[in-house]
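# Structural overview
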Amino acid sequence: MNPFPSDIHTHTIASGHHTQDTVTDMVRHAALKGMKLLGISEHGPALPHACTLSYFRGLFHAPAFRMGIRILYGAEVNIMDPSGRLDLPEDIMEHLDYCLAAMHLPCLTPGSREENTESYIRAMSNSCIRILAHPDDERYPVDYQRLTEAAMDYHVLLEINNSSLAPDGYRGNAKENDRTILELCRKYRYPVLLSSDSHGHAGIGNFRHALELIHETDFPTELILNSSPEKLLEFLQHART
């Protein structure tokens, strides 16, 4: 039995790079790996070669169950400027199952520690945002104390991104940044989300490097939402005021 049967940060061919896999391919391999909850979160339209607005509009009636797996349809939206502006309109985001907010170099030039922190917090103030994607990126330094406090205030999960922690990761000193996130979330007893950030089927459910850090820091497994699809769904569906 898979102890972490949820992975909701994954990408298909629709995100425009690194894979030829379709949603069907992703679901088939997720089933083989014992996953119970799979999220498809394609890149927002501001990233080169990513999805158009019509793609995200077409998800409104996509099936919620396939091959015995609960499927969520989300978006990894781009933070576009220091005001926290996002690259998907509200009327699309509010009909998706969840949205992650992320900083990507083609969309946002890194600012100071204070500026990057403010950009994240302003993005989190949007009620459609439920997860910060790879907030460990060294190219975007942040104040993790303020970021964690804001995440708790806005009911947003901080992601521990397995791709960031891989030996060939390109986000710099992600391990120390993720270590800080885990220490703060343990202090406040606030849950985290492990994500594969898999582009294609091969990495679905692969949290190897993230779990190595979890064990190094002795982070409580009960605060890892991937272990319970029901608790993760409850978190995502919790109404924000």
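Reference entry: report on the structure contained in this document. (Residues numbered from 1 in each chain as written. Predicted model: local features only at pLDDT ≥ 70, side-chain atom pairs only at ≥ 80, totals over all residues. Heavy atoms only, no water.)

## Re the overall build of the protein
- Scanning the protein from terminus to terminus reveals nine helices and nine strands.
- In terms of overall dimensions, the protein is globule-like: its C-alpha atoms have a radius of gyration of 16 Å, near the 18 Å expected for 241 residues.
- Principal-axis analysis of the C-alpha atoms places the extent of the protein at approximately 45 × 40 × 40 Å.
- A burial count over the protein gives 57% of its 241 residues as buried.
- Looking at the protein as shown, the accessible area adds up to about 10200 Å², and 52% of this sits on carbon and sulfur atoms.
- Computed over 21 positive and 32 negative side-chain charges, the inter-centroid distance for the protein is 3 Å. (Helix = DSSP H or I, 4+ residues; strand = E, 2+ residues; numbered from the N terminus. Rg over C-alpha atoms; globule rule 2.2 N^0.38 Å. Buried < 20%, exposed > 50% of the residue type's maximum accessible area, 1.4 Å probe, protein only. Areas by Shrake-Rupley, 256 points an atom, 1.4 Å probe, with all protein chains shown as cover. Lys, Arg positive; Asp, Glu negative; His and termini not counted. Charge placed at Lys NZ, Arg CZ, Asp CG, Glu CD.)

## Things to note about the side chain of Asp-7
- Take Asp-7: it is sitting in strand β1 (residues 6-11).
- One buried charged side chain, Asp-7, makes no salt bridge at all; its nearest oppositely charged neighbour is Lys-33, positioned 7.7 Å away.
- Engagement of the side chain of Asp-7 in a polar contact is seen with the side chain of Ser-196, the distance being 2.5 Å.
- Setting aside chain neighbours within four positions, we find Asp-7 in contact with Met-35, Leu-37, Leu-38, Gly-39, Ser-195, Ser-196, Gly-203, Ile-204, Gly-205 and Phe-207. (Salt bridge = Lys/Arg side-chain N within 4 Å of Asp/Glu carboxyl O. Polar contact = N/O pair within 3.5 Å; in protein donor to acceptor, adjacent residues only side chain to side chain. Contact = heavy atoms within 4.5 Å.)

## Remarks on the layout of surface pockets
- What the largest pocket holds in volume is close to 560 Å³.
- His-18, Ser-163, Tyr-170, Asp-197 and His-199 are the residues nearest the centre of the largest pocket, which is lined by 27 residues in total.
- Every element with two or more residues in the lining of the largest pocket is listed here: α6 (162-165) and β9 (198-199).
- Its residues assigned to classes, the lining of the largest pocket shows six nonpolar, 15 polar and six charged. (1 Å grid on protein atoms, 1.4 Å probe; cavity = no way out; pocket = protein on both sides within 12 Å on 5 of 7 lines; lining within 4 Å. Points joined across faces, edges and corners; volume = space filled by probe spheres on them. Nonpolar A, V, L, I, M, F, W, Y, C, P; charged D, E, K, R; others polar.)

## Quick notes on the packing of helix α5 (residues 144-154) against helix α7 (residues 174-188)
- Put simply, α5 and α7 touch, their axes get as near as 10 Å, and they point 50° apart. Comparing the axis directions of α5 and α7 gives the class oblique. Viewed along their axes, α5 and α7 form a crossing whose handedness is right-handed. Here Tyr-144, Gln-145, Thr-148, Glu-149 and Met-152 of α5 come into contact with α7, specifically with Asn-177, Thr-180, Ile-181, Leu-184, Cys-185 and Tyr-188.
- By residue class, the composition of the contact of α5 with α7 is six nonpolar, four polar and one charged. (Axes fitted to C-alpha atoms, helices over the stretch in contact; angles between N-to-C directions. Parallel < 35°, antiparallel > 145°, perpendicular 65-115°, else oblique. Left-handed = near helix turned anticlockwise from the far one by under 90°.)

## So, the pattern of salt bridges
- By the definition in use, this model includes 13 salt bridges.
- Residue Arg-122 pairs with Glu-118 through a salt bridge whose shortest N-O separation is 3.9 Å. Taken together, the residues span about one helical turn, with Arg-122 and Glu-118 both in helix α4 (residues 113-124) at a distance of four residues.
- Across the pair Glu-216 and Lys-175 runs a salt bridge, and its minimum N-O distance is 3.2 Å. One end of the pair, Glu-216, is in helix α8 (residues 208-217); the other, Lys-175, is in helix α7, and 41 residues separate them in sequence.
- A relative accessible area of 44% means that Glu-216 is categorised as partly exposed.
- Taken together, the salt bridges that share partners define one network made up of Glu-114, Glu-118, Arg-122 and Arg-146.

Distances and angles like these do not, on their own, reveal function.
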